[in-house]
Amino acid sequence: MSASDLLSRGPEVIGIGLQRFVDDLQSQGITASSVDWRPPATRDPAVLQAAATLSSGAIAELVNKANEEALSRMLSADPVLVNVNLAAELIEGLGEHKILHAGPPIEWTDMCGPMQGAICGAIVLEGWAKNLDDARALAGSGKITFEPNHHHSAVGPMTGIVTQSMPLMVVENKTFGNLAYCAINEGLGKVMRFGGNDDSVLDRLRWLESTMGPLLADSLLAVDGIGLKNIIARGLSMGDEMHQRNVACTSLVLRELAATMARVSEPDAASEALEFIAGNDQFFLNIAMAMGKAIMDPVRDIGGSSIVTAMARNGTEFGIRVSGCGDQWFTAPVEMPRGLYFPGYSEKDANPDMGDSTIVETIGLGGFAMAAAPAVAGFVGAGNASDAAAYTSRMAEITHTRNPEWTIPALDFAGVPSGIDVRKVVSSGIPPTINTGIAHREPGIGQVGAGVVNAPMACFEQACLALSERLAAS
Amino acid sequence: MSVLLNEVRKGFYLDSVALMRLSAELSALSGIEEAVLMIGTPSNLQIMRDADILDSAGEEAGPNDLVIAIRADRKASTNRALAHAEKAMKGNSAAGKATEHRARTLRGSHASNPDANLTLISTPGEYAGIEANSALDLGLNVMIFSDNVPLERELELKQRARDLDLLVMGPDCGTAYINGVPLAFANAVNKGSTGVIAASGTGLQEFSVLLHRAGGGIKHGIGVGGRDLSDSIGGISTLSAIDLLANDDEVEQIVLISKPPGEATAKAIFDKLAACGKPVIACVFGLSASQIPDGISCTQTLREAAELTHRQSANAADPTETNTTPDLHNLASELTIPTGAQSLVGLYTGGTLCTEALLILGRAGLSCSSNTSKEGLDSTAQYQLIDLGADEYTVGRPHPMIEPAVRTPLLQQAVNDKNVAVILLDLVLGFGAHEDPAAEVVSALTAAEANKPLVVASVCGTDKDPQDYQRQRAALEAAGVIVCNSNSEAAELCALILEPR
């Protein structure tokens, strides 16, 4: 809008600051709106300077160009669910006494209760210890190596524990040829992802390994994989946001698989497997997560890019990775989720935020696609559809663009906000909003609620500082 | 001893999130220990059994039934909670008003207002530059009302805007008109054929008001900020504004209102104005006609500028026009000042109006001390003009045009000062200004004793302003204030009153 357009058309105004100026214009019938402005969240001059440096002049051009590349890689991804295989077969070096976990790197002593509980269960499952007590002693002995899933093309919900004998779903990004992995969702109730580790939990994991995994693998090979881009597009129009609500996508996958599964397996096994999928609205979450990882891995390490490539929590710390800073983690203490609790539980039972599932928000789903899933908005605030839309609009203020293929009917088919830009997070003071399940703080009890949580601003501030230092040095 | 109530609604389904929300709502009611609403699936019943909130009634629920389980301190509380649940489940009570989403960032707001062409920034100065930069990124013109924007930042913004073919008005731009629309502190005036470039907010307001009252009108009033014409900025916005006004066919004449420009800048500006192809009138305070090139009409006061503008405009070539300027000499001769009193106190809310008065009184031989001058205010001087909008009076409180209460104690003090012969005031009306500045003045005057000083005032406002010019004027006159038609007349009258007779 050039200056001469302003003079010939007259002012159409966006006000930042005093509301009365905007009110005065509106009272005269002039189109005017106002920004809900507030000073930047951080007062640290170094951080503000870094965000300003990254947003102005030649450096901004460099960053913008790198971000265009990042987004073009994100949006051209073609994720397909292709296979299920044992973790040991898929992940190099994953063998005896090695355990992968959710979030950024963490030591045993710093882990929260559910994470430790899940690890003890996994050690018993693998037969490295006879019982949970021995497992705990072994875990703390230094003989177990702990590494983040994210370092091995994998992601896991909540505790996200992965060991060699667990079956992992494989999503291939056909455009770039990379693979990403995630375990099969165990269902609700007492499960390892919430720190559960009793016999019922371990028995289910054994059944997943012996029956469910191979059956899914056979079916996927027979259907030549399931393209996920379309499933997501349809799921968004059916009220899923793919983090807290996956009922539509789970049904769509079930539909894709059912006939083939019935054909390639024994009727009893097929029935059991289909019943397992049908009985778990969140079955698709783990597929969406592997998809997110498959989409974001090719976006890592684009020089200068300020786009977030991963957000993950280990129950103690929240970590993000930013494309222009390669595989460096920027971490800060996790926040407590706000939300609704199951009968008998309250905030005081809640574990701090946990899991790799935030990869879903990283690609523009979950909290970013809240407008698609008004049913989920009830977890926070009044729960109106307009509240849900507001979440998505807010996230559009910190992202690079909107995804043209993943659209939301209720927003007049606007795409989901995609490509979190650390500069925009810092300068606007708007943290990414994450939809999440809430685990009990004691291991073995399971999920006690669901809600939303903010990504800590400190992660994004550190990333801004690091990125501007890198660019200044280059 | 707590009470447990289970009620089963047969064949009633609600989404689990809705039920969890309602459960939380019920649990928050007084006397309620726990409230759970769940559909009676086997797994849900097990959860409720584990939570020890299921009784024999609840146990009967099937997978298509809703179980309402409430544990409370006494029966009355459970009943109240149950009634609350039933009301909520009628389906119409939960429907709230849709909350309107207001973006937190300019970028977010622009996304939903893609046709916007101007950002009006009034944040604290330290953030204004950042917001102005993002406005330019988005291709938006900028009006920066905020002050305290560093000079180097202003230069950077204006250079960028020039390259982008955008306009930056300000920083410290209090007033503007674009296509007849008043922005920020501005009066409601008729739209007309005059284009103004102003380095001063109240200067533009007074000029527009006087032109309006004379029958003319404003097409554009482009505010450029007080520093634009300094040599450090080089008049970047002023030069852009000249081009814009010269190219607007509806603009018939161009008026420049400013303080004296920097030396190098003055040449660039006046050369460009002289060659713009339209009549140009300049009201540059502190610059005499000889310092302005031929071809540009020079005026000493805003009133003269407005009158000349109106006379020159095509539709005002009316020979029957009568001079409505009252005979100030006559008026002055009829007024008596308190015996022995000789001093003048001017208490201004508009900075440029204060400067204009200072120059007029100076030309009449009354050398005034003022905080707007380089020398600063000498509080022992006989003639004093104070700009109450200056930083030293506005720290930690609103500008006196918004909240004139800052003037009240000084006015009371002057009224009761036996040495004060005349008090000179301005009242600024219009959008953004205080809703009733006359009341503030009148309240200070009624406390005065007999044999009080003369109070001379002007009201910068129009009949279309929200405060209503005539009503403000009448209120002042009823309190004994001598109200002049313009600030310059008020200053001239003061000079005549104080002139040795």
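Conventions and cut-offs
Within each chain, residues carry numbers counting from 1 in the order of the written sequence. Here the convention is simple: chains get letters from A, ligands get numbers from 1, in the order in which they are written. Local features in a predicted model are, by the rule used here, given only for residues with pLDDT of at least 70; side-chain atom pairs are given and counted only at 80 or more, and totals for whole chains, interfaces and linings are based on all residues. Put simply, a residue is buried when 20 or more other C-beta atoms lie within 10 Å of its own C-beta and exposed when 12 or fewer do; between those, it is partly exposed, and each C-beta is set from the backbone. Helix and strand labels come from DSSP, where a helix needs a run of H or I of at least four residues and a strand needs a run of E of at least two; each type is numbered from the N terminus. Regarding the arc, it is the one traced by the directions from the helix axis to the C-beta atoms. Think of it this way: build a C-beta for each residue from its backbone, and any pair within 7 Å is a contact. Where each domain starts and ends follows an automatic or database-derived domain assignment. What we call a nonpolar core is a set of buried Ala, Val, Leu, Ile, Met, Phe, Trp, Tyr and Cys residues whose membership is set by joining through C-beta atoms within 7 Å. Gly falls in the polar group here, along with every residue not listed as nonpolar (Ala, Val, Leu, Ile, Met, Phe, Trp, Tyr, Cys, Pro) or charged (Asp, Glu, Lys, Arg). We call two strands paired when DSSP finds no fewer than two bridges between them. Note on definitions: angles span 0 to 180 degrees between N-to-C directions of axes, and those axes are lines fitted to C-alpha atoms, for helices only across the stretch in contact. Every angle not falling under 35 degrees, over 145, or within 65 to 115 is termed oblique; those three ranges are roughly parallel, roughly antiparallel and roughly perpendicular. For a helix, the expected span equals 1.5 Å multiplied by the residue count minus one.

Draft legend 1. How the structure looks around helix 9 (residues 228–237) of chain A. Residue and element names in this part refer to chain A. Considered for burial, the residues of helix 9 that qualify are Leu228, Ile231, Ile232, Gly235 and Leu236. Along the axis of helix 9, the buried positions cluster into a sector of 130 degrees, meaning they face one direction only. Against strand 3 (79–86), strand 7 (167–173), strand 9 (226–227), helix 10 (247–264), helix 12 (283–296) and strand 15 (399–408) lie the buried residues of helix 9. Following helix 9 by one or two positions, Gly239 has its phi on the positive side, about 95 degrees.

Draft legend 2. Here's a closer look at the domain arrangement of chain B. One can read the domain layout of chain B as domain 1 (3–88), domain 2 (106–315) and domain 3 (328–498). Placing a centre on the C-alpha atoms of domain 1 of chain B and another on those of domain 3 of chain B gives a separation of 71 Å.

Draft legend 3. The nonpolar core, seen in detail. Formed by 175 residues in total, the largest nonpolar core has its most connected members in Leu168(A), Met169(A), Ala290(A), Ala369(A), Ala463(A) and Cys464(A). A per-element tally of this core places helix 12 of chain A first, with 11 residues. Excluding residues within four positions of it along the chain, Ala463(A) makes contact with Ile320(A), Val322(A), Cys325(A), Phe330(A) and Val422(A). Ranked by size, the runner-up nonpolar core spans 134 residues in total, among them Val196(B), Ala266(B), Val280(B) and Val284(B).

Draft legend 4. Representation of the domain arrangement of chain A within the structure. Residue and element names in this part refer to chain A. Under the domain assignment used here, chain A contains domain 1 (3–37), domain 2 (48–75 + 300–473) and domain 3 (78–292). Computed over C-alpha atoms, the centres of domain 2 and domain 3 are 23 Å apart. Counting residues at the interface gives 46 residues for domain 2 and 46 residues for domain 3. Of all the secondary structure elements, the ones that give two or more residues to the side of domain 2 that touches domain 3 are strand 10 (308–314), strand 11 (317–322), strand 14 (354–355), helix 13 (359–362), helix 14 (374–377), strand 15, strand 17 (433–439) and strand 18 (447–454). Considered class by class, the residues forming the side of domain 2 that touches domain 3 number 22 nonpolar, 18 polar and six charged.

Draft legend 5. Local environment of the pairing of strand 14 (residues 343–348) of chain B. All names here are of chain B. Taken across its six residues, strand 14 has five buried, putting it largely inside the fold. Strand direction decides the pairing type here: strand 14 and strand 17 (residues 420–428), joined by five bridges, are parallel. Considered in strand 17, the bridge of Leu344 is made with Val422. Relative to strand 16 (residues 383–387), strand 14 is paired through five bridges, and the arrangement is parallel. What sits directly across from Tyr348, in strand 16, is Asp387.

Draft legend 6. Summary view of the sheet that holds strand 7 of chain A. All names here are of chain A. Pairing is mixed across the open sheet formed by five strands, whose spatial order is 6-8-7-3-9. Every other strand in the sheet has two partners, leaving strand 6 (154–155) and strand 9 as the edge strands with one partner each. Bridge count between strand 6 and strand 8 (residues 178–183): two bridges; the pairing is parallel. Opposite Val155, over in strand 8, you have Cys182 as the bridge partner. This element, helix 8 (residues 199–223), spans strand 3, strand 7 and strand 9 of the sheet and lies at about 145 degrees to strand 3.

Draft legend 7. Representation of the packing of helix 6 (residues 125–137) of chain B against helix 7 (residues 151–163) of chain B within the structure. All names here are of chain B. At their nearest, the axes of helix 6 and helix 7 sit 11 Å apart, and the two run at 5 degrees to each other. Taken together, helix 6 and helix 7 sit at an angle that is classed as roughly parallel. Seen from helix 6, the contacting residues are Gly129, Ala132, Asn133 and Leu136; seen from helix 7, they are Arg153, Leu157, Arg160 and Ala161. Taken together, the residues of the contact of helix 6 with helix 7 break down into four nonpolar, two polar and two charged.

Draft legend 8. Looking closely at the environment of Pro409(B). Residue and element names in this part refer to chain B. Along the polypeptide, Pro409 turns up in helix 15 (residues 407–415). A count of 10 C-beta atoms within 10 Å places Pro409 in the exposed class. Taking the C-alpha atoms as reference points, Pro409 and Leu358, separated by 51 residues in sequence, lie 22 Å from one another.

Draft legend 9. Region of the structure containing the pairing of strand 3 (residues 66–72) of chain B. Residue and element names in this part refer to chain B. Of all seven residues making up strand 3, seven are buried, and the element is well covered by its neighbours. Of the two faces of strand 3, both are covered, the one formed by Leu66, Ile68, Ile70 and Ala72 as well as the one formed by Val67, Ala69 and Arg71. Both strand 1 (residues 3–9) and strand 3 contribute to a ladder of seven bridges, which runs antiparallel. From the neighbouring strand, Glu7 faces strand 3, where its bridge partner is Ile68. Sheet topology places strand 2 (residues 32–39) next to strand 3; seven bridges connect them, and they run antiparallel. Residue pairing for strand 3: Glu34 is matched across the bridge by Arg71.

Draft legend 10. Highlighting the environment of Ala463(A). With respect to the helices and strands, the residue Ala463(A) is situated in helix 17 (residues 457–473). Between the C-alpha atoms of Ala463(A) and Ala385(A), which are 78 residues apart in sequence, the distance is 34 Å.

Draft legend 11. Geometry of helix 13 (residues 351–363) of chain B. Residues and elements named next belong to chain B. For helix 13, built from 13 residues, the straight-helix expectation of 18 Å at 1.5 Å per residue is met to within 8% by its first-to-last C-alpha distance of 19 Å. Along helix 13, 10 of the 13 residues are buried, which leaves the element largely enclosed by surrounding structure. Gly365 sits one or two positions beyond helix 13 and adopts a positive phi of about 95 degrees.

Draft legend 12. Looking closely at the interface of chain A and chain B. Facing 50 residues of chain A, the contacting portion of chain B comprises 59 residues. Listed by contribution, the elements that provide at least two residues to the side of chain A that touches chain B are helix 1 (3–9), strand 1 (13–16), helix 2 (19–27), strand 2 (32–35), helix 14 and helix 15 (385–396) of chain A. For the side of chain A that touches chain B, the element with the highest residue contribution is helix 15 of chain A, accounting for seven residues. Grouping the constituent residues of the side of chain A that touches chain B by class yields 26 nonpolar, 15 polar and nine charged.

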